[in-house]
Amino acid sequence: MALPRMIYNHLPTTLNTGFNRIPVISAHQEFVHDHPKSNKMLNPGTRLAKSLSHLLHLHIEPPTRKNPQISNWDLFTEEKQNTPTVSPKEVIADKWREIHGSTDWDNLLDPLHPWLRREIVKYGEFAQATYDAFDFESFSEYCGSCRYNRNKVFEKLGLDKNGYDVIKYIYAMSHIEMPQWLKRSNLMETWSRDSNWMGYVAVSDDHETCRIGRRDIVVAWRGTVALSEWYEDFQRNLEPIGPGDSKVEHGFLSIYTSKSESTRYNKCSASEQVMKEVTKLVKFYKGRGEEVSLTITGHSLGGALALLNAYETAATLPGLSVSVISFGAPRVGNSAFRDELSELGVKTLRVVIKQDLVPRMPGIVFNESLQRLDDITGTLEWIYTHVGTELGLDVSSSPYLKRGFNPLGFHSLETYLHLIDGFLSTDTEFRSDSRRDIALVNKACDMLVDELRIPHFWYQLANKGLVCNEHGRWVKPRRDPEDIPSPVGEACDLAIKIEVQESYQMLHAS
């Protein structure tokens, strides 16, 4: 049965199966049919992925604990549809440092503190916004950009309730060819041939600042990457970063630092764009005597970029409270990179689903587990190492998720957010009063049990973006002028906003 085309895809639909690459996961269509195929019918890529899961002891079939049994799914669905999707907001001003990781989330993760759960979900939704607002349509002249301008993106995505304003968009390019990363339009006339929208900088408004106890600057990075790239060259692609022995994966570093004078959107690298903005905001709000924090979030590749961003910010702006909350992120660098991040005071919370393959890459073989051999081998600079504190989740903990091998579903950010919303502790049942809408899980995968009757891959623009014109013909509409990418316009808007704020500050100071 043919499946509808996804509006976005975190995994590749085709993989290079050449001699020098290991085909890790084949097209996502292989994993979402209603009836599983026998091993003989699976293609080589799928068989290898299943073999890797056994090799890595990814016990994805048996549940690790008893889950609540739902005898009447119709009644359950009706009850859920008549409950709010969010919990009341607590004032966390007195505990913000602990929630932000000052004690490495000690005694907050298992059991998961409800205040921390809400904050993790909030930042996860900021990361999800980079997918939901991204234009993946290859027949759009704006493919690779954000569908909405920064002043209304949160409103369009229903995130305006979180109390943050988007201040700046980030664009990225790469001088290294990375399949399935850069999205390009099939049309000749396009907004950019070199760059993609890669995320944004946002800042808490006055009301949210009062609730959380400080002015919070958020950087959210988009993540789209081909898993095959992380299996290739397990340790050869580490490059130096900073003055010490720190090294990081060269593809991630290229996306973060690449720029070209010949481009419209990347005359400055993503690194330069975000650092200029964060530095300006920190100076402005600290100049007003406010407590300021920086929270960087991202999923998959976005989680990797978040660590690079945190490393640079902590080194450039000492004394700033910097935390990373990542979801399904890969390893980024070596042990020296991990140690230097810790010395710089960066706090990192890695949310990981144990069935997800991505957090095991790169360095699926050569990783931090080999450090126990340091006495024999010495410190190996090319070994990939995870950073920070891990919050582990398990697909089998939720009674609403299917069992079986579904790498696309395991890696989906919506699956992560669902499991966080229901997680109480490692030895208790899934939270029965979880609030987040369960239907969101199936936006771009097929993870929900059939009894819920939620279509898989349901998230798309109405009529796939077509509208009926006055003549009764279905056409692709033109974008509103205000939603067309314009780096000059964004810079002007920002300059005006900062100037107004500074004038207001000077007026009250006098």
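It should be emphasised that the depicted structure is a prediction, and the values quoted were computed from it without experimental measurement.

1. Digging into the overall build of the protein
Secondary structure assignment for the protein yields 15 helices and 11 strands. Taking all 510 residues of the protein together, the buried fraction comes to 55%. Within the protein, counting contacts between residues at least 6 apart in sequence, those at least 24 apart form 75% of the total. For the protein, the computed accessible surface area is about 23200 Å², with 53% contributed by carbon and sulfur atoms.

2. Focus on the pattern of salt bridges
Across all of its chains, the model carries 29 salt bridges by this definition. Between Arg-118 and Glu-90 there is a salt bridge, and its shortest N-O distance comes to 3.9 Å. Of this pair, Arg-118 sits in helix α4 (residues 114–132) while Glu-90 sits in the loop between α2 (73–81) and α3 (96–99), and the two are 28 residues apart along the sequence. Under the relative-accessibility criterion, Arg-118 is labelled buried at 18%. For Glu-90, a relative accessible area of 26% corresponds to the partly exposed category. A salt bridge links Arg-436 to Glu-414; the shortest N-O distance between them is 2.7 Å. Residue Arg-436 is located in the loop between α14 (413–422) and β10 (467–468), and its partner Glu-414 is located in helix α14; the two are separated by 22 residues in the primary sequence. A relative accessible area of 11% means that Arg-436 is categorised as buried. Residues joined in a network through salt bridges with shared partners are Lys-89, Glu-119, Lys-122, Glu-208 and Arg-211.

3. Quick word on the nonpolar core
Core analysis: the largest hydrophobic core is formed by 63 residues, its most contacted members being Ile-120, Phe-126, Phe-154, Tyr-200, Phe-327 and Ile-420. No other element matches α4, which puts eight residues into this core. In this structure, Ile-420 is in contact with Leu-112, Arg-117, Ile-120, Val-121, Phe-327, Val-351 and Leu-393, ignoring residues within four places of it in sequence. By size, the runner-up hydrophobic cluster in this structure holds 44 residues, among which are Ile-217, Met-275, Ala-310 and Phe-337.

4. Some words on the packing of aromatic side chains
Tallied over the entire structure, the rule returns 15 aromatic pairs. Here Tyr-171 and Tyr-265 contribute two aromatic rings whose centre-to-centre distance is 4.8 Å and whose plane-to-plane angle is 50°, an arrangement assigned as tilted. Taken together, the residues span a long stretch of sequence, with Tyr-171 in strand β1 (residues 164–172) and Tyr-265 in the loop between α8 (250–257) and α9 (270–287) at a distance of 94 residues. Its relative accessible area of 5% is what places Tyr-171 among the buried residues. A relative accessible area of 5% places Tyr-265 in the buried class. Each member of the aromatic cluster is reached from another via a ring pair, and the members are Tyr-123, Phe-126, Phe-154, Tyr-164 and Tyr-200. The residue whose ring lies beneath Arg-222 is Phe-134, and the NZ or CZ to ring-centre distance is 3.8 Å. Looking at Lys-443, its charged tip hangs above the ring of Tyr-459, at a distance of 4.7 Å from the centre.

5. Points about the pairing of strand β3 (residues 215–221)
Buried residues dominate β3, accounting for seven of its seven residues. Along β3, one buried face is formed by Arg-215, Ile-217, Val-219 and Trp-221 and the opposite face, lined by Asp-216, Val-218 and Ala-220, is buried too. Sheet topology note: the strand β2 (residues 196–204)/β3 ladder contains five bridges and is antiparallel. Paired with Tyr-200 across the strands is Ala-220, a residue of β3.

6. Points about the pairing of β1
With eight of its nine residues buried, β1 lies for the most part within the structure. Summarising the sheet, β1 and β2 pair through eight bridges and their orientation is antiparallel. Looking across to β2, one finds that Tyr-171 is bridged to Trp-197.

7. A word on the packing of α8 against helix α10 (residues 301–316)
With their axes 10 Å apart at the nearest point, α8 and α10 run at an angle of 65° to one another. In terms of their interaxial angle, α8 and α10 are classed as roughly perpendicular. Handedness of the α8/α10 crossing: right-handed. Side by side, α8 and α10 meet where Phe-252, Leu-253, Ile-255 and Tyr-256 of the first sit next to Leu-301, Ala-304, Leu-305, Leu-308, Asn-309 and Glu-312 of the second. For the contact of α8 with α10, a count of residues per class yields eight nonpolar, one polar and one charged.

8. Points about α9
For α9, with 18 residues, the first-to-last C-alpha span of 26 Å sits near the 26 Å given by 1.5 Å per residue. Inspection of α9 places Ala-270, Ser-271, Gln-273, Val-274, Met-275, Glu-277, Val-278, Leu-281, Val-282, Phe-284 and Tyr-285 among the buried residues, and these make up the whole buried set. At the C-terminal side of α9, Gly-289 shows a positive phi close to 80°.

9. Brief notes about the environment of Pro-362
Relative to the helices and strands, Pro-362 resides in the loop between β8 (347–353) and α12 (374–377). Residue classification places Pro-362 among the buried residues on the basis of a relative accessible area of 4%. Taking the C-alpha atoms as reference points, Pro-362 and Asn-237, separated by 125 residues in sequence, lie 9.8 Å from one another.

10. Things to note about the sheet that holds β1
The sheet built from seven strands is open, its strands ordered β1-β2-β3-β6-β7-β8-β9 with mixed pairing. Edge positions in the sheet fall to β1 and β9 (389–393), since each has one partner strand and no second. Strand-to-strand twist across the sheet, computed as the mean angle between neighbouring axes with direction ignored, equals 15°. Along the sheet, α9 contacts β1, β2, β3 and β6 (292–299); its crossing angle with β1, the most-contacted strand, is approximately 155°. Running at roughly 155° to β6, α10 makes contact with β2, β3, β6, β7 (321–327) and β8 of the sheet.

11. Focus: the packing of α4 against α14
Direction vectors running N to C along α4 and α14 enclose 170°, while the axes themselves pass 10 Å from each other. Compared by their axis directions, α4 and α14 come out roughly antiparallel. Taken as a pair, α4 and α14 cross one another with a handedness that is left-handed. Taking contact as the criterion, the partners of Arg-117, Ile-120, Val-121, Gly-124, Glu-125, Ala-127, Gln-128 and Tyr-131 in α4 are, on α14, Leu-413, Glu-414, Leu-417, Ile-420 and Asp-421. Considered class by class, the residues forming the contact of α4 with α14 number seven nonpolar, two polar and four charged.

12. Digging into the environment of Glu-155
Relative to the elements of secondary structure, Glu-155 occurs in helix α5 (residues 153–157). For Glu-155, a relative accessible area of 57% corresponds to the exposed category. For the pair Glu-155 and Asp-165, spaced 10 residues apart in the sequence, the C-alpha separation amounts to 10.0 Å.

What counts and how
Residues numbered from 1 in each chain as written. Predicted model: local features only at pLDDT ≥ 70, side-chain atom pairs only at ≥ 80, totals over all residues. Heavy atoms only, no water. Helix = DSSP H or I, 4+ residues; strand = E, 2+ residues; numbered from the N terminus. Buried < 20%, exposed > 50% of the residue type's maximum accessible area, 1.4 Å probe, protein only. Contact = heavy atoms within 4.5 Å. Areas by Shrake-Rupley, 256 points an atom, 1.4 Å probe, with all protein chains shown as cover. Salt bridge = Lys/Arg side-chain N within 4 Å of Asp/Glu carboxyl O. Core = buried A, V, L, I, M, F, W, Y, C linked by side-chain atoms within 4.5 Å. Phe/Tyr/Trp six-rings, centres within 6.5 Å; stacked < 30°, edge-to-face > 60°. Lys NZ or Arg CZ within 6 Å of the ring centre and 35° of its normal. Pairing = 2+ DSSP bridges. Axes fitted to C-alpha atoms, helices over the stretch in contact; angles between N-to-C directions. Parallel < 35°, antiparallel > 145°, perpendicular 65-115°, else oblique. Left-handed = near helix turned anticlockwise from the far one by under 90°. Nonpolar A, V, L, I, M, F, W, Y, C, P; charged D, E, K, R; others polar. Expected span 1.5 Å × (residues − 1).

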